[in-house]
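Here's the letter readout for the chains.
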Amino acid sequence: MENTEKKTILSGIQPTNNLTLGNYIGAMKNFVNMQDKYQDYTKNYIIVDLHALTVPQVPSELRERTYSMLALYLAVGLDPEKSNIFVQSHITGHTELTWILNTLTGMGQLNRMTQYKDKSAKEGTFINVGLFAYPVLMAADILLYNANLIPIGDDQKQHLELSRDIAEKFNYTYSPTFNIPEAIIPKQGARIMDLQHPENKMSKSAESPKGTIILTEDLNITAKKIKSAVTDSDMEIRYDQSNPEKAGINNLLTIYSTLTDTEISEIEKKYVNSGYGDFKKDLSEIVVETLRPIKEKHDELLKDKKYLDQILKQGAANVQSSAYKLLSKVYKKVGLVAPAR
Ligand code: TYM
């Protein structure tokens with residue numbers, strides 16, 4: 001095992017649709033915290049554009065959203081001097097390693113993935129192979145850099161467990177090669193729920209736009225969405241995970257707590273004599289003021305594609321050689337003949 005190497009933090013987000021407050025709280029906020037906390041680690045934050053192709057895309061929109069995703073990474077505080085920010089398709093090793101890992105992954109293992117079951121149910125009769133094999137590509141993203149710590153939200157836990165299984169299978173079949181990656185899931189905010197249907201996860205592809213806060217939307221709309229979030233009839237600002245009726249208020253308290261770094265018990269105390277209206281009004285200000293600087297920076301950065309291209313070029317250049325070193329090692333271990341150069 002490569003214990004002597006610098007440890008690596010790695011994660012990725014798909015440039016599909018528009019990024020949500022769930023992506024921010026469950027993942028991006030943590031990317032930025034870890035960037036500062038783990039100074040002596042390599043940090044790779046990837047825009048996983050190949051993953052996005054597993055559902056139908058309008059090519060010009062996908063391209064634009066890839067830049068928008070990069071602008072958001074920068075706007076939330078990722079610093080290209082500290083973190084390698086790059087596009088998945090710019091490093092061809094991701095797909096090359098995927099092929100090798102495909103040969104070590106069982107159809108049954110992929111069939112058990114709940115996200116595949118959900119997404120394929122929505123796709124109707126045509127289910128592409130990419131959607132099925134997607135978790136293997138995610139494993140390749142991680143293993144190509146021999147990453148150790150993977151900050152993700154709750155819904156990626158199962159995929160990460162599969163990545164661990166694939167790494168173990170490779171190590172066992174050939175010889176110890178890959179670190180076994182560890183999920184870093186925030187204690188709070190790992191699953192932000194839809195504001196209108198708090199029994200469902202807030203999602204980029206949500207059917208109810210009123211329940212989803214988009215990071216780049218008009219902030220007046222954001223405020224309205226918070227103010228019209230569903231709550232319950234008992235009118236108490238109290239967190240109770242055991243009560244499905246309180247799912248709406250639990251979610252709002254979680255958003256409040258994670259964005260202000262305040263314990264939920266403190267928030268409950270503060271609002272003990274208030275109604276939902278006052279609470280939601282304050283929360284809408286908190287969300288709007290959190291997103292305002294992010295949105296402004298995003299909009300500004302998006303005007304300078306040359307600068308954004310430069311960041312992507314540098315990010316890919318930083319990771320390229322270690323990726324290919326690892327891929328060559330894998331090729332050799334599985335018995336492929338090294339090309340004559
Ligand atoms: P993706 O693009 O669906 O989501 C990106 C990240 O956001 C988290 N997330 C949420 N967290 C809290 N509440 C929510 N409502 C919410 N919705 C999304 C996700 O858990 C994720 O961390 N397959 C991955 C991307 C990926 C990846 C990787 C991640 C590809 N390769 C390698 C880590 C390492 C995905 O589709 O995430």
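In what follows, the accompanying structure is described. (Residues numbered from 1 in each chain as written. Predicted model: local features only at pLDDT ≥ 70, side-chain atom pairs only at ≥ 80, totals over all residues. Heavy atoms only, no water.)

So, about the overall build of the protein. Within the protein, the regular secondary structure consists of 13 helices and five strands. Against the 2.2 N^0.38 benchmark of 20 Å for 341 residues, the protein shows a C-alpha radius of gyration of 21 Å, consistent with a compact globule. Its C-alpha atoms give the protein principal-axis dimensions of roughly 75 × 45 × 40 Å. Residues classed as buried in the protein amount to 51% of the 341 residues present. With the model as given, the accessible surface of the protein reaches about 16,800 Å², and the carbon-plus-sulfur share is 51%. (Helix = DSSP H or I, 4+ residues; strand = E, 2+ residues; numbered from the N terminus. Rg over C-alpha atoms; globule rule 2.2 N^0.38 Å. Buried < 20%, exposed > 50% of the residue type's maximum accessible area, 1.4 Å probe, protein only. Areas by Shrake-Rupley, 256 points an atom, 1.4 Å probe, with all protein chains shown as cover.)

The next point concerns the pattern of salt bridges. Counted by the stated rule, this structure contains 16 salt bridges. Two residues, Asp232 and Lys246, come together in a salt bridge whose shortest N-O distance is 3.5 Å. Taken together, the residues Asp232 in the loop between helix H9 (219-227) and helix H10 (247-260) and Lys246 in the loop between H9 and H10 connect sequence positions 14 residues apart. Overall, Asp232 belongs to the buried group, its relative accessible area being 12%. By relative accessible area, which is 0% here, Lys246 ends up buried. With a shortest N-O distance of 3.4 Å, Glu300 and Lys303 are connected by a salt bridge. Considered together, Glu300 and Lys303 belong to a single accessibility category, that of exposed residues. One network of salt bridges, in which partners are shared, links Asp232, Asp234, Glu236, Arg238, Asp240 and Lys246. (Salt bridge = Lys/Arg side-chain N within 4 Å of Asp/Glu carboxyl O.)

Turning our attention to the site of the ligand. Around the ligand sit 27 residues in total, of which Gln14, Tyr134, Asp141, Asp155 and Lys204 are the nearest. Gly153 places a polar main-chain atom, nitrogen or oxygen, 2.9 Å from an oxygen atom of the ligand. Between the ligand and Ile192 there is a distance of 2.8 Å, counted from a nitrogen atom to a backbone nitrogen or oxygen. In the complex, the protein chains occlude 97% of the 710 Å² of accessible area that the ligand would expose alone. Elements supplying a minimum of two residues to the shell around the ligand: strand E1 (8-13), helix H1 (21-37) and helix H7 (129-143). Partitioning the shell around the ligand into residue classes produces 12 nonpolar, 10 polar and five charged. (Near = heavy atom within 4 Å. Polar contact = N/O pair within 3.5 Å; in protein donor to acceptor, adjacent residues only side chain to side chain. Nonpolar A, V, L, I, M, F, W, Y, C, P; charged D, E, K, R; others polar.)

With that settled, consider the pairing of strand E3 (residues 84-87). Burial of E3 is two-sided: the residues Asn84 and Phe86 facing one way and the residues Ile85 and Val87 facing the other way are all buried. Summarising the sheet, strand E2 (residues 42-47) and E3 pair through four bridges and their orientation is parallel. Counted as the bridge partner of Ile47 is Val87 from E3. (Pairing = 2+ DSSP bridges.)

Of all the residues in H9, the buried ones are Leu219, Thr222, Ala223, Lys225 and Ile226. The buried residues of H9 occupy an angular sector of 160° when the element is viewed end-on, so they sit on one face. Opposite the buried face of H9, by more than 90 degrees, sit the exposed residues Asn220 and Lys224. Those residues of H9 hidden inside the fold are in contact with helix H12 (276-301). In this structure Asp218 caps H9, since a side-chain oxygen of it lies 2.8 Å from the backbone nitrogen of Asn220. (Arc of directions from axis to C-beta. Contact = heavy atoms within 4.5 Å.)

Before going further, it helps to examine the nonpolar core. Side chains of a nonpolar character, in soluble globular proteins, are inclined to be buried together. Counting 60 residues, the largest nonpolar core has Leu21, Tyr24, Met28, Tyr73, Ile255 and Phe279 as its most contacted members. Built from parts of two domains, this core gets at least three residues from each of domain 1 (8-185 + 305-334) and domain 2 (209-299). Not counting chain neighbours up to four residues away, the residues in contact with Tyr24 comprise Lys29, Val76, Leu215, Leu259, Thr290 and Ile294. Judged by nonpolar contacts, the second largest core, of 37 residues, contains Ile46, Ile91, Leu104 and Ala139. (Core = buried A, V, L, I, M, F, W, Y, C linked by side-chain atoms within 4.5 Å. Domains from an automatic or database assignment.)

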